[in-house]
Amino acid sequence: ILKKLESKIIVGNKFTDEILKETIADSYKRLIAPAIEREIRNDLTEKAEEQAIKVFGQNAKQLLLGAPLKGLTVIGFDPAYRTGCKIAVIDETGKLLDTTTIYPTEPQNDVEGAKKTLIPMIAKYDVDMFAIGNGTASRESEVFVADVIKEVKEKYGKELHYAIVSEAGASVYSASKLATEEYPDINVSLRGAISIARRLQDPLAELVKIEPKAIGVGQYQHDVDQKNLSESLTGVVEDAVNQVGVDVNTATPSLLSYVAGINKTIANNIVKYRDENGKLKERKELLKVPKLGKVAYEQCAGFIRVFDGKNPLEVTAVHPESYEIAEKVLQSIGYGTKDLSNKEKMKEIREKLHSLSIPKLAKELEVGEMTLKDIVEELAKPGRDPREEMPKPILRSDVFKFEDLREGQILTGTVRNIVDFGAFVDVGVKHDGLVHISEMSDSFVKNPSDIVSVGDIVKVKVIDIDKERQKVKLSMKI
């Protein structure tokens, strides 16, 4: 580099050449090199930040779009040692039924006392499921819950299961203003158990209450530009909420505020209107909500769902402006909108819709092909939640210990986090195992996100066990 600089500056003057050589060496060492280094480092940091934010966004979206477990009464189990395990019973609609604290873990080890409290609760509320937080004392709690499940089966003949739920951000929610408004009379520590139970029932509705970066499914999220991260994640949450749609009669203000066209004030007004006037029967009723004008209505209507309302189209993503076209599409195959509520007729409707010629019908109805294609797709699956196609949580009824692991063993696990160098998979032991990027496929993998997503259920092989550090290396090359 010095030679190159010298060739540009030194012209062959015996009086100045030596001085110039020294000047060039000094300026390169003291000024040019550090400036270039800084520039390159900044450039690389920027690229790394962009990648970290992108990975976090992808992971957060997968987590938000986790499959809901509907129609179950769930016990949220927030594990702890000294302060005891917090218990919250939530009914199938997400309503809190009961709370308590038990002490089956260290230092009290009051397993019998905990069972005496918990088993009558299970019987009283006809509980179907345990949602156990994956934090401190999670595995000890899992052993206790598995024991309780066996006892309940022997005593009442009832089959119970449990699932391990990520509790990232539960403590953030517990102490938040929102949680205080939702549960003013409930102790902060018990609110975490409520959040854990609801995450299993409906991940999206619960996780939108937490600041996205507290969800904990990324890499280096505390080191990147917080403003960019926040903007990116808000976009991801909005995208997920609008993709799924929101039941206007059960949604919380937090969930409603992510719908296009609805801000926090309008979201609170919708809930207030619902409380005062009962369930909304049609989307048009939203126009009666204070501050929700025509423009906001046009933006949000397609993302709002009204179940058991006046018009079966209100459970689809078809916008009210396109109801007329949707009705004409159904008429063209010999049906009406009322038939969308009839499960027996739906099979025939679906078959006939799939055999339609979109270009021909689009010309007849004078509508764009893409718009018509979207309407036909929605009519074929009215009220279906897109998250139903996502992998369901692994339900267990017994415990698997670290000591049970053997090299070569094939296990089923849940992808908990994805980073640039691989994916962390929960196989049911204390710590998540790592599938390194080189163990994901026989062919070259550029990005782990091309192979797996957070929440995916995967088959893995144990390739290395580090008993001392309690680490497990896994492979997806089976």
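Above this text you will find the structure in question.
None of the values given here were measured: they were computed from a predicted structure.

Parameters at a glance
- Per chain, the residues get numbers from 1 upward, laid out in the order the sequence is written.
- For this predicted model, a pLDDT threshold of at least 70 governs which residues receive local features, and a threshold of 80 or more governs which side-chain atom pairs are given and counted, while totals over whole chains, interfaces and linings are taken from all residues.
- Each side-chain value is worked out from all heavy atoms of the structure, with water and hydrogens disregarded.
- Secondary structure counts use DSSP, requiring at least four H or I residues in a row for a helix and at least two E residues in a row for a strand, with both numbered from the N terminus.
- Here's how the labels work: a residue is buried when its accessible area is under 20% of the maximum for its type, exposed when over 50%, partly exposed in between, all with a 1.4 Å probe on protein chains only.
- In what follows, residue pairs with any heavy atoms lying within 4.5 Å of each other are defined as contacts.
- When charges are counted, Lys and Arg are positive and Asp and Glu negative, with His and the chain ends excluded.
- By convention, charge coordinates are those of NZ in Lys, CZ in Arg, CG in Asp, or CD in Glu.
- Within this scheme, the nonpolar core is defined by two criteria: the residues are buried Ala, Val, Leu, Ile, Met, Phe, Trp, Tyr or Cys, and they are joined through side-chain atoms within 4.5 Å.
- A pair of strands is considered paired only if DSSP assigns at least 2 bridges between the two.
- Throughout, an axis means a line fitted to C-alpha atoms (over the contacting stretch in the case of helices), and angles, computed between N-to-C directions, take values from 0 to 180 degrees.
- Each pair of aromatic rings taken from Phe, Tyr and Trp, with Trp reduced to its six-membered ring, is defined by centres within 6.5 Å and is described as stacked if the planes are under 30 degrees apart, edge-to-face if over 60, and tilted in the remaining cases.
- In this analysis, a patch consists of residues with relative accessible area above 30% that form no salt bridge, clustered at 9 Å for like charges and at 5 Å for the nonpolar side chains Val, Leu, Ile, Met, Phe, Trp and Tyr.
- Note on areas: these come from Shrake-Rupley sampling with a 1.4 Å probe, and a residue is covered only by the protein chains present in the view.
- The term salt bridge refers to a side-chain nitrogen of Lys or Arg lying within 4 Å of a carboxyl oxygen of Asp or Glu.
- Under the rule applied, a polar contact is a pair of N or O atoms within 3.5 Å (in protein, one hydrogen donor and one hydrogen acceptor; residues adjacent in sequence only if both atoms are side-chain atoms).
- By definition here, a helix of n residues has an expected span of 1.5 Å times n minus one.

To continue, consider the overall build of the chain. Regarding its fold elements, the chain presents 16 helices and 12 strands. Every one of the 478 residues in the chain was classed for burial, and the buried ones make up 46%. Excluding contacts between residues fewer than 6 apart, the proportion of contacts in the chain whose partners are at least 24 apart in sequence is 62%. On the chain, the mean spot of the 70 positive side-chain charges and the mean spot of the 76 negative ones are 1 Å from each other.

Right, let's talk about the nonpolar core for a bit. Judged by nonpolar contacts, the single largest core of 84 residues is most densely connected at V241, I270 and L286. Examining the composition of this core, we find that 7 residues originate from one element, helix 9 (residues 226-244), more than from any other. Among residues more than four places away in sequence, those in contact with I270 are V248, L256, I262, L286, V289 and L292.

Here the focus is the sheet that holds strand 3 (residues 96-102). Reading across the sheet, the 5 strands line up as 3-2-1-4-5 and stay open at both edges, with mixed pairing between neighbours. Each edge of the open sheet carries a strand with a single partner, namely strand 3 and strand 5 (161-165). Each strand of the sheet is rotated relative to its neighbour by a mean of 20 degrees, with strand direction disregarded. Examined bridge by bridge, strand 1 (residues 74-78) and strand 2 (residues 85-90) share 5 bridges and lie antiparallel to one another. From the neighbouring strand, D78 faces strand 2, where its bridge partner is K86. Each of strand 1, strand 2, strand 3 and strand 4 (129-133) touches helix 3 (residues 111-125); the most contacted strand, strand 3, lies at about 170 degrees to it.

Next up on the list: unusual backbone geometry. Along the chain, E106 connects to P107 via a cis peptide bond; the corresponding omega equals -5 degrees. Tracing the backbone shows P107 in the loop between strand 3 and helix 3. Located in the positive-phi region is D126, a residue other than glycine, with phi close to 50 degrees. Note on placement: D126 falls in the loop between helix 3 and strand 4. By relative accessible area, which is 46% here, D126 ends up partly exposed. Despite not being glycine, Q470 has its phi angle at roughly 55 degrees, a positive value. Note that Q470 resides in the loop between strand 11 (457-466) and strand 12 (471-475).

Once that is clear, we can look at the packing of aromatic side chains. All told, the structure shown has 2 aromatic pairs when counted by the stated rule. On the numbers, 6.4 Å between centres and 85 degrees between planes, the contact of F421 with F424 is edge-to-face. On the accessibility criterion, F421 (36% relative accessible area) is partly exposed.

This part takes up the pairing of strand 12. Note: strand 10 (residues 433-436) against strand 12, 2 bridges, orientation parallel. The partner of L434 across the bridge, within strand 12, is K473. Two strands pair when backbone bridges link them, and strand 11 and strand 12 are joined in this way by 5 bridges, in the antiparallel orientation. From the neighbouring strand, V462 faces strand 12, where its bridge partner is L474.

Taken together, the side chains of L31, I32, I36, I40 and L44 define a hydrophobic patch exposed on the protein surface, amounting to about 440 Å² of accessible area. By secondary structure assignment, the location of I40 is in helix 2 (residues 17-64). You can call I40 partly exposed: its relative accessible area is 47%.

This brings us to the side chain of Q201. Take Q201: it is sitting in helix 7 (residues 188-201). By relative accessible area, Q201 is classed as buried at 7%. Among the polar contacts made by the side chain of Q201, one reaches the main-chain carbonyl oxygen of D91 at a distance of 2.8 Å. Those residues in contact with Q201 that sit more than four places away from it in its chain are P68, L69, L72, V74, I90, D91, E92 and G94.

On to the sheet that holds strand 12. In space, the 5 strands of this closed barrel follow the order 8-9-10-12-11, with mixed pairing throughout. Sheet twist, expressed as the average angle between the axes of neighbouring strands with direction ignored, equals 50 degrees.

Every regular strand shows the same layout, with side chains that alternate between the two sheet faces. The sheet contact formed by strand 8 (residues 410-419) and strand 11 spans 5 bridges and is antiparallel. Residue pairing across strands places T412 opposite K459, the latter belonging to strand 11. Counted along the chain from strand 11 to the antiparallel partner strand 12, the turn is 4 residues long, and its residue Q470 has a positive phi close to 55 degrees.

Let us now look at helix 9. Taking 1.5 Å per residue as the helical rise, helix 9 with its 19 residues ought to reach 27 Å, and the 27 Å between its terminal C-alpha atoms agrees with that figure. Inspection of helix 9 places L229, L233, V236, V237, A240, V241, N242 and V244 among the buried residues, and these make up the whole buried set. On its buried face, helix 9 is in contact with helix 2, helix 8 (203-207), strand 6 (246-247), helix 10 (253-256) and strand 7 (304-305). The N-capping residue of helix 9, defined by a side-chain oxygen 3.0 Å from the backbone nitrogen of K227, is D225.

To continue, consider the side chain of D339. Mapping D339 onto the fold places it in the loop between helix 13 (323-332) and helix 14 (343-354). On the basis of relative accessibility, which here comes to 14%, the residue D339 falls in the buried class. Among the polar contacts listed, one links the side chain of D339 to the backbone nitrogen of G336, at a separation of 2.9 Å. Once residues within four sequence positions are removed from consideration, D339 is found in contact with K345, M346 and I349.

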